[in-house]
Amino acid sequence: MDCSLDQLDAAGFLHIWQHFDADDNGYIEGKELDAFFRHLLTKLGPGDKITEEKVQQLKARFMSVYDVTADGRLQIQELANMILPEQENFLLLFRREAPLDNSVEFMKIWRKYDADSSGYISAAELRNFLKDLFQQHKKEVSSNKLDEYTDTMMNIFDKNKDGRLDLNDLARILALQENFLLQFRIDANSLNERKQDFEKIFAHYDVSQTGALEGPEVDGFVKDMMELVRPSISGPELDQFRVVLLRHCDTNKDGKIQKNELALCLGMKPKP
């Protein structure tokens, strides 16, 4: 591989990522990681003798700084921070002060940019998303650069290569945290435990604090609930499950799920 690390642009970064993430699992790890740092050594010191000791020393030094998750492997944002110049590091747009840990916020973004309600994010819709992110960060970007960044992200995250992103692709881009519902025991023994869990769950999804789940709050709850039994649901599947949930739980047919409606739907009564 002869791709230089000097003056890298988005396309060059994509080339490096795809080369070293050989198994396409979204991480550079294990032997892939050693191969990357061996390549990095050849760029940092052309003509120098490459030894295994030097490779491991360089890896230890860089990973201590850039492996922010401390899991011994590189995510795409971590690699971008390591090798892309700041003006080309468009992945910095997705860095937050706090992680995206609520599926409600995720679904707000999904609904906004799935403008045609197809259940997928097209390249054009992704381009609009990136354009808005640049504007929010008060960064100027040319139309050509926006096209390049859009193409790069589609190449990286469109895992099934159908020219569009599904729910799971966008979740990877936004680094959505673990499903909130995984922390609760389905087989909680006492009624009191189940009521306490219900209160925590409802408060988490009732982001607007209105006492009812509506819009993306329903979406976020449906996404997390269904993924407990069926990981990686698609946008169209989420829409189908949403209809089913509203049919069963929305007893007053106002398009929302009131707290008492969800409690009855789940077989319990909420606290007064």
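Just above, that's the structure.
Residues numbered from 1 in each chain as written. Predicted model: local features only at pLDDT ≥ 70, side-chain atom pairs only at ≥ 80, totals over all residues. Heavy atoms only, no water.

A.B. asks: Got a sec to walk through the packing of helix α1 (residues 10-20) against helix α4 (residues 76-83)? Specific residues and values, please.
C.D. replies: Interhelical geometry of α1 versus α4 gives an angle of 125° and a closest axis separation of 11 Å. Considered as vectors, α1 and α4 are oriented oblique to each other. α1 and α4 meet at a crossing whose hand is right-handed. Note on element contacts: α4 touches α1 through Ile76, Leu79, Ala80 and Ile83, opposite Phe13, Ile16 and Trp17. In terms of residue class, the contact of α1 with α4 is made up of 7 nonpolar, no polar and no charged. (Axes fitted to C-alpha atoms, helices over the stretch in contact; angles between N-to-C directions. Helix = DSSP H or I, 4+ residues; strand = E, 2+ residues; numbered from the N terminus. Parallel < 35°, antiparallel > 145°, perpendicular 65-115°, else oblique. Left-handed = near helix turned anticlockwise from the far one by under 90°. Contact = heavy atoms within 4.5 Å. Nonpolar A, V, L, I, M, F, W, Y, C, P; charged D, E, K, R; others polar.)

A.B. asks: Please give an account of the environment of asparagine 102 that cites residues and values.
C.D. replies: Tracing the sequence through the fold places asparagine 102 in the loop between α4 and α5 (103-113). In sequence terms asparagine 102 and glutamate 237 are 135 residues apart; their C-alpha atoms lie 20 Å from each other. Those residues in contact with asparagine 102 that lie beyond four places of it in its chain are Leu176, His204 and Val207. Here valine 104 takes part through its backbone nitrogen, which lies 2.7 Å from a polar atom of the side chain of asparagine 102. Among the polar contacts listed, one links the side chain of asparagine 102 to the backbone oxygen of histidine 204, at a separation of 3.1 Å. (Polar contact = N/O pair within 3.5 Å; in protein donor to acceptor, adjacent residues only side chain to side chain.)

A.B. asks: Could you give me a rundown of the pattern of salt bridges, with the residues and numbers involved?
C.D. replies: Under the criterion given, the structure shown has 17 salt bridges. Here arginine 73 makes a salt bridge to aspartate 71, at a shortest N to O gap of 3.1 Å. Exposure remark for arginine 73: the relative accessible area of 24% places this residue in the partly exposed category. The class for aspartate 71 is partly exposed, based on a relative accessible area of 33%. Residue arginine 164 pairs with aspartate 162 through a salt bridge whose shortest N-O separation is 3.0 Å. Judged by its relative accessible area of 34%, aspartate 162 is partly exposed. Counted as one network, the salt bridges with shared partners bring together Arg111, Asp219, Asp239 and Arg242. (Salt bridge = Lys/Arg side-chain N within 4 Å of Asp/Glu carboxyl O. Buried < 20%, exposed > 50% of the residue type's maximum accessible area, 1.4 Å probe, protein only.)

A.B. asks: An account of the packing of aromatic side chains is requested, with residue identities and associated values reported.
C.D. replies: In the structure shown here, the tally under the stated rule is 10 aromatic pairs. On the numbers, 6.0 Å between centres and 85° between planes, the contact of phenylalanine 180 with tyrosine 205 is edge-to-face. Of this pair, phenylalanine 180 sits in the loop between α8 (167-173) and α9 (191-205) while tyrosine 205 sits in helix α9, and the two are 25 residues apart along the sequence. Residues phenylalanine 180 and tyrosine 205 agree in their burial class; the two are buried. Taken together, the ring pairs connect Phe20, Phe36, Phe37, Phe62 and Tyr66 into an aromatic cluster. Taking the ring centre of tyrosine 27 as reference, the NZ or CZ of arginine 73 above it sits at 3.5 Å. Positioned over the ring face of tyrosine 120 is arginine 164, at 3.6 Å from the centre of the ring. (Phe/Tyr/Trp six-rings, centres within 6.5 Å; stacked < 30°, edge-to-face > 60°. Lys NZ or Arg CZ within 6 Å of the ring centre and 35° of its normal.)

Worth remembering: the numbers are spatial, not functional.
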